[in-house]
Amino acid sequence: MEVLYFAWVRERIGLPRETVETEAKTVAELVAELRKREERYEAAFADLSALRVALDQELADFDAPLEGVREVAFFPPMTGG
Amino acid sequence: MEVLYFAWVRERIGLPRETVETEAKTVAELVAELRKREERYEAAFADLSALRVALDQELADFDAPLEGVREVAFFPPMTGG
Amino acid sequence: MDIRVQEQPFDFGAEANRFAAGHTEMGAVVTFTGIVRDVADGLQSMQIEHYPGMTEKALEQHAREALTRFKLGDVLIIHRYGVLAPGEMIMMVATAAPHRADAFQAAEYLMDYLKSRAPFWKKETTGDGAGWVAAKDEDEDALGRW
Amino acid sequence: MDIRVQEQPFDFGAEANRFAAGHTEMGAVVTFTGIVRDVADGLQSMQIEHYPGMTEKALEQHAREALTRFKLGDVLIIHRYGVLAPGEMIMMVATAAPHRADAFQAAEYLMDYLKSRAPFWKKETTGDGAGWVAAKDEDEDALGRW
């Protein structure tokens, strides 16, 4: 599964994307796995209310299922316009 | 007193402006005087609800006083923009 | 504040660029442009009559009122009179503000007042002849929100 | 419908003119332009990051939704990414409609969605360093009206 990071999430984790092998069934389970990895992931995912997630380039919720998903992206609230 | 006509009011009366000698105290009195003049004035002022009036280039009501006013204009509802 | 009542055409894009470039402290610029629309599919021309003197005064009054009501940096209004062909631009307003809500609201406010309170009258000529455009109730009603 | 996500600058006036000229059956054209604002009086640059692929999809979705919700003839969206200087234009939207209410509402709708639902993130660099721009509650709240 491709996992992408943007804005300060990318900066905290230190890379823009990576391939992750996971059995996680939901976004929340994937986040829990990532947080256990290293301090930088723990720092990036500490406050989920400050994060947004997209599955295959569509905004989704943290309890959304990952079945069939190829691309997960984590980022802060958007500031376009 | 200068009296100006615009749009179909101008067309019905047949002139864009004229100087009127009057003792009328209000717009309504002036309109009553003009209506008595000729058929074309009667036709132009037949339906006051379809008319607007400006006194010295400011929108006003038909019961507004004419004292001190130099320029009266009659026209249909505006259609700018 | 820049207000122009003129017979000759104006270059919408050039005016919009000049207006926007003048305000680096403003984050939001909104423009509105009115175009002669071929409604009945047979419009030959539109004639716009106005009240010289009062027109400029009324536009200036409404522009000043907009600057008072909204947090605005600047206002531009250009309105043409005379004979226009379908597709030609009748008028434009532009507003610059620190934030988008003020820029949008001020432009809508100016348009609502321009429609019903600035002394312009439109006459359309089609194959069937010429007729004055009637004022719309919805334009009068739109003023109620301000 | 014309949607562009690009690094290079665009000519707001030229785009506005081209957009307006393409629609003689539309009486109303509204544009919004966002400009890099020197808020703290010390902004050196603004960096805009985006999510290639998702950005285009999200903008297209919102443009299609606007065409469904409002009586609209056309929509244009241009949004830049990369490093911008104060005074540079970040983005523009333009809407064309038979009547002004639809053109205004569609432009406001698009801006509200662009602000909080299109995957762009802004980082400001001042003399004190660089920081990500925080999303505003009022921008999230603005979506409530649609």
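Residues numbered from 1 in each chain as written. Chains lettered and ligands numbered in written order. Predicted model: local features only at pLDDT ≥ 70, side-chain atom pairs only at ≥ 80, totals over all residues. Heavy atoms only, no water.

Caption draft 1: Representation of the interface of chain D and chain C in the model. With 36 residues of chain D in contact, the opposing surface of chain C contributes 36 residues. Between chain D and chain C, a total of about 2,800 Å² is buried, with carbon and sulfur atoms accounting for 55% of that surface. If you sort the residues of chain D by the area they bury against chain C, R37(D), R100(D) and F104(D) come out on top, with a joint share of 25%. Scanning the region where chain D abuts chain C turns up 4 salt bridges. The salt bridge involving R100(D) is made with D139(C); its shortest N-O contact spans 2.9 Å. Where chain D meets chain C, there are 15 residue pairs in polar contact (both at pLDDT 80 or more). Breaking the side of chain D that touches chain C down by element, the ones donating at least two residues are α1 (12-21), β2 (28-35), α3 (100-117) and α4 (137-142) of chain D. Here the side of chain D that touches chain C takes 8 residues from β2(D), the largest share from any one element. In the sheet, strand β2 (residues 28-35) of chain C pairs with β2(D) via 7 bridges, with the strands oriented antiparallel. Across the sheet, T31(C) pairs through a bridge with T31(D), a residue of β2(D). (Contact = heavy atoms within 4.5 Å. Buried area = accessible area lost by both parts, 1.4 Å probe. Salt bridge = Lys/Arg side-chain N within 4 Å of Asp/Glu carboxyl O. Polar contact = N/O pair within 3.5 Å; in protein donor to acceptor, adjacent residues only side chain to side chain. Helix = DSSP H or I, 4+ residues; strand = E, 2+ residues; numbered from the N terminus. Pairing = 2+ DSSP bridges.)

Caption draft 2: Representation of the side chain of S116(D) within the structure. Here S116(D) shows up in helix α3. In this structure the side chain of S116(D) is engaged in a polar contact, spanning 3.5 Å, whose partner is the backbone oxygen of D139(D).

Caption draft 3: Representation of unusual backbone geometry within the structure. Not every positive phi belongs to a glycine, and A7(A) is a case in point at roughly 55°. With respect to the secondary-structure elements, A7(A) resides in helix α1 (residues 7-13). Positive phi, normally seen in glycine, also occurs at Q57(B), with a value near 70°. One can find Q57(B) in the loop between β3 (52-55) and β4 (58-60).

Caption draft 4: Spatial organisation of a negative patch on the surface. Residue and element names in this part refer to chain A. Taken together, the side chains of E21, E23, E29 and E33 present a region of like negative charge at the surface. Considering the arrangement of structural elements, one finds E21 in the loop between β2 (17-19) and α2 (27-37). Note on E21: relative accessible area 72%, which makes it exposed. (Patch = residues over 30% accessible without salt bridge, like charges linked within 9 Å, V, L, I, M, F, W, Y side chains within 5 Å. Areas by Shrake-Rupley, 256 points an atom, 1.4 Å probe, with all protein chains shown as cover. Lys, Arg positive; Asp, Glu negative; His and termini not counted. Charge placed at Lys NZ, Arg CZ, Asp CG, Glu CD. Buried < 20%, exposed > 50% of the residue type's maximum accessible area, 1.4 Å probe, protein only.)

Caption draft 5: Region of the structure containing the relation of the copies chain D and chain C. Note on the copies: chain D fits chain C at an RMSD of 0.0 Å, the axial shift is 0.0 Å, and the rotation between them is 180°. What we have between these two chains is a two-fold relation. Among all residues of chain D, the one whose C-alpha sits closest to the rotation axis is G13(D), at a distance of 1.8 Å. Take the interface residues of chain D: 100% of them recur as interface residues in chain C, which is what a same-surface contact looks like. (Least-squares fit on C-alpha atoms with pLDDT ≥ 70 in both.)

Caption draft 6: Representation of the sheet that holds β2(A). Residue and element names in this part refer to chain A. The mixed open sheet is built from 5 strands, whose spatial order is β2-β1-β5-β3-β4. Only two strands of the sheet have a single partner each, and these edge strands are β2 and β4 (58-60). Averaged over neighbouring strand pairs, the angle between their axes works out to 25° when direction is ignored. Strand direction decides the pairing type here: strand β1 (residues 2-5) and β2, joined by 3 bridges, are antiparallel. Across the sheet, residue V3 finds its bridge partner in β2, namely E18. Sitting on the sheet, α2 is in contact with β1, β2, β3 (52-55) and β5 (71-75), with an inclination near 65° to β5. (Axes fitted to C-alpha atoms, helices over the stretch in contact; angles between N-to-C directions.)

Caption draft 7: Main features of α1(D). All names here are of chain D. All of the buried residues in α1 are F12, G13, E15, A16, F19 and A20. Each buried residue of α1 lies within a common arc of 165° when the element is viewed along its axis, so the set occupies one face. What points out from α1, more than 90 degrees from its buried face, is the exposed set R18 and A21. (Arc of directions from axis to C-beta.)

Caption draft 8: Quick look at the arrangement of the chains. Sorting the 3 pairs of chains in contact by contact count puts chains C and D at the top. Across all C-alpha pairs, the smallest distance from chain A to chain C is 10 Å, and the two are not in contact.

Caption draft 9: Fine view of the sheet that holds strand β3 (residues 43-50) of chain D. All names here are of chain D. The strand order β5-β3-β7-β8 describes an open sheet built from 4 strands, whose pairing is antiparallel. In this open sheet, the two edge strands, each paired with only one partner strand, are β5 (82-84) and β8 (129-132). The mean inter-strand angle of the sheet, taken between neighbouring strand axes irrespective of direction, is 25°. In this sheet, β8 lies alongside strand β7 (residues 120-126) in antiparallel orientation, the contact comprising 4 bridges.

Caption draft 10: Spatial organisation of the pairing of β2(D). Residues and elements named next belong to chain D. A large share of β2 lies buried, amounting to 8 of its 8 residues. Residues A28, V30, F32 and G34 line one face of β2 and the alternating positions V29, T31, T33 and I35 line the opposite face, and both faces are buried. In terms of strand pairing, β2 meets strand β6 (residues 89-97) through 8 bridges, oriented antiparallel. By the bridge assignment for β6, T31 is matched with A94.

Caption draft 11: Up close: the interface of chain D and chain A. On the chain A side, the residues contacting the 26 residues of chain D number 21 residues. Interface of chain D and chain A: buried area, both sides summed, is about 1,900 Å²; carbon and sulfur atoms make up 55% of it. Looking at the side of chain D facing chain A, the largest losses of area belong to Y51(D), M54(D) and W121(D), adding up to 34% of the total buried there. The tally of links from chain D across to chain A stands at 2 salt bridges.

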